[in-house]
Amino acid sequence: MKIDVKHIAKLANLTISPEEEPKLEKQLEEILSYFDKLKEVDTSGIEETSQVTGLENVTREDAIRDCTISQKEAISGSKSTHNGLFKVKAVLENS
Amino acid sequence: MNLNQLTIKQALNKLASKEISAVDLTKACIDQIKKYNGEINAFITVDEKGALEQAEKADIERKNGNSAPLLGIPIALKDVFLTKGLKTTAASKVLENYIPQYDGTVVAKLKDAGAVILGKTNLDAWAHGSSGENSDFGITRNPYSKEYVPGGSSSGSAASLAASMCLASTGTDTGGSIRLPASFTNVVGLKPTYGRVSRYGIIAMASSLDSIGHFAKTAEDSALLLNVTAGSDPLDATTPDKTVPNYSKIENGVKGLKIGVPKEYFTMGIDKEIKEKTKTAIKKLEELDAEIVEISLPNTEYSVAVYYIIMSSEVSSNLARYDGIRFGSARQNFGEEAKRRIMLGTFTLSAGYYDAYYKKAMQVRTLIKQDFDKAFEKVDAIISPVSPTAPWKIGEKVSDPLKMYLSDIFTVTANLAGIPALSVPAGLTSDKLPVGIQILGPQFSEEKLFQIGHAYEQSTQFYKETPNL
Amino acid sequence: MKPIIGLEVHVELKTKSKMFCGCSADYFGKEPNTHTCPVCLGLPGALPVPNKTAIDWCIKIGLALNCEIADFSKFDRKNYFYPDLAKGYQISQYDKPFCENGEVILSNNKRIMIRRVHMEEDTGKLIHEGDSSLIDFNRSGVPLVEIVTEPDFENATEVKEYLQKLQQIVRYLEVSNADMEKGDMRLEPNISLSPDGNLPKYKVEVKNINSFSFVEKAINFEIKRQGEILDKGGTPAQETRGWDEKSQSTKSQRLKEEANDYRYFPEPDIPPLNFKEVYIEAIKAEMPELPDAKLARFQKDFGLSYYDAEILTRNVKLADYFEEAIGLEKATAKQIANAIINKKINIEEILPAKLIEMIQEEAKVEEVSSGDLSKIVSEVLSENEKAVKEYKAGKEPALQFLIGQTMKKIEKKIDLNLVKGAILKALEITTP
């Protein structure tokens, strides 16, 4: 299995250095070929298990709960804020 | 015996009889940390001041008649448990300075139960790893032999308990991260049923696999902790509303219990000594009048592939929130293993590959779960090795991720099926390194696991072994 | 060239709390980042628990749009990175939306198929300021319902009518204020032109429009723009554009179409949903009469014209007001409709009973003896010989003039028909 490390890194929002790239590519391809083992298993008609609890319809009532934190707490972990807002480099949708 | 070497049960008795105080107990633990943490590197953060304050408070409360179940018991938390106001790092540079704005549900429950929080323990960053070597805050060493790994990912929690720096510690088990280090450090590790303990406020690794458990010196202590942590949480939609029994009421003996031994587990690449230890344990249970039954878990050989696909996929999504905007630092600070898993999971979920990997893995997961369902029609519990090998030397497997992944073969199945498993000490190898066995049961059968674990440990007494620090 | 237009609409629900946490969803105009918690701020370890009311309401919208409701459904994660997306994924729905295969019928009897109605959560809000962007997460996690049509529209007028209908429906259901100014409804038309009526290979999406008239303008602009490109033998680029009100044109938003690979997978933190028959029935039982049904009933039961009935059913309050007035049984439907529509009654101020009084006051007739009446009529006729002549020559309006003159003379409010009768009678007599 070939893997396009650059493309995947872009999707994953990761920066992979040119030095890391070949090593990572090799490791990932090795792991992916190990996954090929699953091709042996006949899974036709087998349901998918994405959760194991058997729970269904778990919801909460529409009520305001005392979970809200203050503005000060909300932005306390950020290195870049401005007037109670988080600040990032401009992401322009429309130039 | 030093105070810090007591079991929780022993300590509670001494606290109740006023023989000792919570402050004495906490100080003993802190002294031990000060003495040995430099070498073992079990803790990332030690909250000496906070712990002593909590201990003082616990002593006052006890005088006032409070008898909360863990009042004054010093414990350590794996550094993925969010603690309000106390740094929580996941052993990653990304969260190097993160001070949580809230307590996780389990942390709140432990605090309410009177536990004294000593600090936060080291781990493989983001709980990614089986050895404890993959931490941005340094390798954790095995207290039994410092050239060896303590197992991961809850390396610091296991090592700190084995080194008697605390009376118990918490962990998370996504594919063996409690059981493996428990078995490598001669302590009891519980991976509860998926959903038995709330995941709210614990840094997620793989949401459909993460199980929140703990380390203790005995099955009795483990049961006592589960009494506190178990239960449905309105903040975690995956915690069934099942009553929490009194786990501390452990039935005696295993007479008449049917215990299954999966035949496949002994044909796969497994160390001779591990095989022998497991066989000895089986024999011991037989002597205790349990009925040993051979069972089959035919899809076990696919479990590592299934696990690594599902886990990586969920990891890639769960780690997306770490973008350095609201907290933490930029994504370039992720370590090699986290990057590898994010990349792998991003790939297996990507357009054109989803069916071949993620969907296929979820289908084989069904088959693995069905293997267990069928087995538990015949037996009450299953016994198996925890790891195919004894603890390995530090550095031995770091360059070969796939080899490292394969050491999870016996543990990942419990996470895929959502069933509970208890790892208990099974003695030392010829190199004086601990190994463990695990007892697995159907969902919500923790009582039975404690029963078997207790009977086994009482007759073997392996848990009394301590490392020569 | 036939325009092929589809529409995606996001409707923000007016639940008390957010979709997956207990924070207040009433965020509009509040101080930034004061309506957040670990869940909607995407803090480590936080987990979502879905809001039952939001789910009920999404299903209500689906039912109102004649959709089939899934018996098995689930939430999925839609993975992408954007600074306003706290978790790095949006909890949405992929292959099992709550509602599918609905339809809306326009006044020209055209059927607009609804592909799906699904539940998701809103993102935070980005504010652009110089070379930085500021983020407020108050809106993060507010329940959103996404309604997607098939590409069944042919022009902007149809789209606008559909949007008005949709707005009216969610307001009838009382699940959203659908206030355009507050961004309660966000509109995304996709437009392409086809030479043969088949779906062309390209599609232009215009994102995040918050006004019906802008949608109209954007669609018309796109039809023209794409037509020009096609006329020259080109193919419009598949892209996302935005409506720019200043230049009255759409503008390309992302030249380089980012690889949109959302890597959907089932949300492991939320157990699946199983909608049983009884549940759907209970939701149905809670549903109010919908605009189309009310419109039909007003015409049928009250004998109103389409024009009157349509106005009266535009919003529930007005329709209820009308029905309350009818219920007093003191005026006819037509009288009440006329009073409400023509007099532009402020229904907040004038109670139905008061309205009836006004109608009766208006219609009240005073008594006048037939002797007095015929006396006045003969006076009027003799004073207005010209009009009499005209009437006799077949000029109908002359009669109205004579009635008017008579009314003036009587100085009383009397039944018009009575006056008319008396005049006609007098004219007959005077006819040789």
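That block above? That's the structure.
Now for a quick tour of the structure. (Residues numbered from 1 in each chain as written. Chains lettered and ligands numbered in written order. Predicted model: local features only at pLDDT ≥ 70, side-chain atom pairs only at ≥ 80, totals over all residues.)

## Things to note about the overall build of chain B
Here is step 1 of the chain: Along chain B, the regular secondary structure elements total 14 helices and 11 strands.
Here is step 2 of the chain: For 469 residues, the compact-globule estimate of 2.2 N^0.38 gives 23 Å, and the C-alpha radius of gyration of chain B, at 20 Å, lies within 12% of that figure.
Here is step 3 of the chain: With the principal axes as the frame, chain B shows a C-alpha extent of 60 × 60 × 45 Å.
Here is step 4 of the chain: Within chain B, buried positions represent 65% of all 469 residues.
Here is step 5 of the chain: A sequence separation of at least 24 residues applies to 78% of the contacts in chain B between residues at least 6 apart. (Helix = DSSP H or I, 4+ residues; strand = E, 2+ residues; numbered from the N terminus. Rg over C-alpha atoms; globule rule 2.2 N^0.38 Å. Buried ≥ 20, exposed ≤ 12 C-beta atoms within 10 Å, placed from the backbone. Contact = placed C-beta atoms within 7 Å.)

## Considerations on the overall build of chain A
Here is step 1 of the chain: Each helix and strand in chain A was counted, giving 3 helices and 2 strands.
Here is step 2 of the chain: Counted from the first residue to the last, chain A has its helices and strands arranged as α-α-α-β-β.
Here is step 3 of the chain: Computed over C-alpha atoms, the radius of gyration of chain A comes to 23 Å, more than 25% over the 12 Å expected from 2.2 N^0.38 for 95 residues, which places it beyond the range of a compact globule.
Here is step 4 of the chain: Once the C-alpha set of chain A is aligned to its principal axes, its extents read approximately 55 × 45 × 30 Å.

## With respect to the interface of chain B and chain A
Here is step 1 of the chain: At the interface, 45 residues of chain B touch 37 residues of chain A.
Here is step 2 of the chain: Going through the elements one at a time, helix 9 (303–318), helix 10 (336–349), helix 11 (355–378) and helix 12 (401–406) of chain B are the ones with two or more residues in the side of chain B that touches chain A.
Here is step 3 of the chain: The element that contributes the greatest number of residues to the side of chain B that touches chain A is helix 11 of chain B, accounting for 11 residues.
Here is step 4 of the chain: A breakdown of the residues in the side of chain B that touches chain A according to their chemical character gives 25 nonpolar, 12 polar and 8 charged. (Nonpolar A, V, L, I, M, F, W, Y, C, P; charged D, E, K, R; others polar.)

## Description of the sheet that holds strand 5 (residues 89–92) of chain C
Residues and elements named next belong to chain C.
Here is step 1 of the chain: Across the sheet, 3 strands lie side by side as 5-4-15; this open sheet has antiparallel pairing. Because the sheet does not close on itself, it has two edges, and the strands there are strand 5 and strand 15 (265–266).
Here is step 2 of the chain: As paired strands, strand 4 (residues 76–79) and strand 5 are joined by 4 bridges and run antiparallel to one another. Paired with Asn-79 across the two strands is Tyr-89, which belongs to strand 5. (Pairing = 2+ DSSP bridges.)

## Some points on helix 3 (residues 212–231) of chain C
All names here are of chain C.
Here is step 1 of the chain: When the terminal C-alpha atoms of helix 3 are compared, their 28 Å separation across 20 residues agrees well with the 28 Å that a helix rising 1.5 Å per residue should span.
Here is step 2 of the chain: Every buried residue belonging to helix 3 is among Val-215, Ala-218, Ile-219, Phe-221, Glu-222, Ile-223 and Gln-226, and all of these are buried.
Here is step 3 of the chain: Following helix 3 by one or two positions, Gly-233 adopts a phi angle in the positive range, close to 90°. (Expected span 1.5 Å × (residues − 1).)

## As for helix 9 of chain B
Here is step 1 of the chain: Its 16 residues place the ends of helix 9 of chain B 22 Å apart at the C-alpha level, agreeing with the 22 Å of an ideal helix rising 1.5 Å per residue.
Here is step 2 of the chain: Buried residues dominate helix 9 of chain B, accounting for 16 of its 16 residues.

## Section: the packing of helix 7 (residues 316–327) of chain C against helix 8 (residues 333–342) of chain C
Residues and elements named next belong to chain C.
Here is step 1 of the chain: Where helix 7 meets helix 8, the closest approach of the two axes is 10 Å, and the angle between their N-to-C directions is 140°. With respect to each other, helix 7 and helix 8 are oriented oblique. Our pair here, helix 7 against helix 8, has a crossing hand that is right-handed. Taking contact as the criterion, the partners of Phe-322, Ala-325 and Ile-326 in helix 7 are, on helix 8, Ala-333, Ile-336 and Ile-340.
Here is step 2 of the chain: Looking at side-chain class alone, the contact of helix 7 with helix 8 contains 6 nonpolar, no polar and no charged residues. (Axes fitted to C-alpha atoms, helices over the stretch in contact; angles between N-to-C directions. Parallel < 35°, antiparallel > 145°, perpendicular 65-115°, else oblique. Left-handed = near helix turned anticlockwise from the far one by under 90°.)

## Looking at the sheet that holds strand 7 (residues 111–121) of chain C
All names here are of chain C.
Here is step 1 of the chain: Strands sit in the order 2-6-7-10-1-11-12-13-14 across an open sheet of 9 strands; the sheet is mixed. Each edge of the open sheet is held by one strand with a lone partner, namely strand 2 (68–69) and strand 14 (249–252).
Here is step 2 of the chain: In the sheet, strand 7 pairs with strand 10 (residues 143–149) via 7 bridges, with the strands oriented antiparallel. Bridging from a neighbouring strand, Glu-121 pairs with Pro-143 of strand 10.
Here is step 3 of the chain: Against the sheet, helix 2 (residues 156–172) makes contact with strand 1 (2–12), strand 6 (99–105), strand 7, strand 10 and strand 11 (185–194), and its axis sits at roughly 20° relative to strand 1, the strand it touches most.
Here is step 4 of the chain: Strands in contact with helix 3 are strand 1, strand 11, strand 12 (204–207), strand 13 (239–244) and strand 14; relative to strand 11, the strand with the most contacts, it is inclined by about 25°.

## Details of unusual backbone geometry
Here is step 1 of the chain: With an omega of 10°, the peptide bond running from B:Gly152 to B:Ser153 counts as cis.
Here is step 2 of the chain: As for its position among the elements, B:Ser153 is in the loop between strand 3 (116–121) and helix 5 (155–162).
Here is step 3 of the chain: The phi torsion at C:Asn109 lies on the positive side, around 70°, for a residue other than glycine.
Here is step 4 of the chain: For C:Asn109, a count of 6 C-beta atoms within 10 Å puts it in the exposed group.

## Some remarks on the nonpolar core
Here is step 1 of the chain: In this structure, B:Ile75 and C:Ile61 are the most contacted members of the largest nonpolar core, which totals 254 residues.
Here is step 2 of the chain: Excluding its chain neighbours within four sequence positions, the residues that come into contact with C:Ile61 are C:Val117, C:Val145, C:Ile147, C:Val170, C:Leu173 and C:Val175.
Here is step 3 of the chain: Within the second largest apolar cluster, 17 residues are counted, among which are C:Tyr321, C:Ala331, C:Ala337 and C:Ala339. (Core = buried A, V, L, I, M, F, W, Y, C linked by C-beta atoms within 7 Å.)

## Thoughts on the packing of helix 2 of chain C against helix 3 of chain C
All names here are of chain C.
Here is step 1 of the chain: Where helix 2 meets helix 3, the axes come as close as 9 Å, and the angle between the chain directions of the two elements is 155°. If you check the angle between helix 2 and helix 3, you find them roughly antiparallel. The hand of the helix 2/helix 3 crossing is right-handed. Only Phe-212, Val-215, Glu-216, Ile-219 and Asn-220 of helix 3 make contact with helix 2, whose side of the interface consists of Ala-156, Val-159, Lys-160, Leu-163 and Gln-164.
Here is step 2 of the chain: Classifying every residue of the contact of helix 2 with helix 3 by side-chain character gives 6 nonpolar, 2 polar and 2 charged.

## Some remarks on the pairing of strand 6 (residues 211–216) of chain B
All names here are of chain B.
Here is step 1 of the chain: Of all 6 residues making up strand 6, 6 are buried, and the element is well covered by its neighbours.
Here is step 2 of the chain: Neither face of strand 6 is open: one carries Ser-211, Gly-213 and Phe-215, the other Ile-212, His-214 and Ala-216, and all of them are buried.
Here is step 3 of the chain: Sheet topology places strand 4 (residues 168–173) next to strand 6; 5 bridges connect them, and they run antiparallel. Within strand 6, the position partnered with Gly-171 by the bridge is Gly-213.
Here is step 4 of the chain: Strand direction decides the pairing type here: strand 5 (residues 188–191) and strand 6, joined by 3 bridges, are antiparallel. Bridging from a neighbouring strand, Gly-189 pairs with Phe-215 of strand 6.

## Overview of the interface of chain C and chain B
Here is step 1 of the chain: Taken together, the contact pairs 23 residues of chain C with 31 residues of chain B.
Here is step 2 of the chain: Per-class residue counts for the side of chain C that touches chain B are 14 nonpolar, 4 polar and 5 charged.

## So, the pairing of strand 8 (residues 291–295) of chain B
Residues and elements named next belong to chain B.
Here is step 1 of the chain: Summarising the sheet, strand 7 (residues 258–262) and strand 8 pair through 5 bridges and their orientation is parallel. Its bridge partner being in strand 8, Pro-262 is matched across the sheet by Ile-295.
Here is step 2 of the chain: On the question of chirality, the crossover connecting strand 7 to the parallel strand 8 by way of helix 8 (residues 272–287) is right-handed. (Right-handed = clockwise from strand over helix to strand, strands pointing away.)

## Looking at the environment of C:Arg297
Residue and element names in this part refer to chain C.
Here is step 1 of the chain: Of note, Arg-297 is situated in helix 5 (residues 291–302).
Here is step 2 of the chain: For Arg-297, a count of 16 C-beta atoms within 10 Å gives the class partly exposed.
Here is step 3 of the chain: Taking the C-alpha atoms as reference points, Arg-297 and Cys-21, 276 residues apart in sequence, are found 41 Å from one another.

## Regarding the environment of C:Ile4
All names here are of chain C.
Here is step 1 of the chain: Residue placement: Ile-4 occurs in strand 1.
Here is step 2 of the chain: Along the sequence, Ile-4 and Pro-151 sit 147 residues apart, while their C-alpha atoms lie 5.9 Å from each other.
Here is step 3 of the chain: Apart from residues lying up to four places away in sequence, Ile-4 is in contact with Pro-151, Ser-192, Ser-194 and Leu-199.

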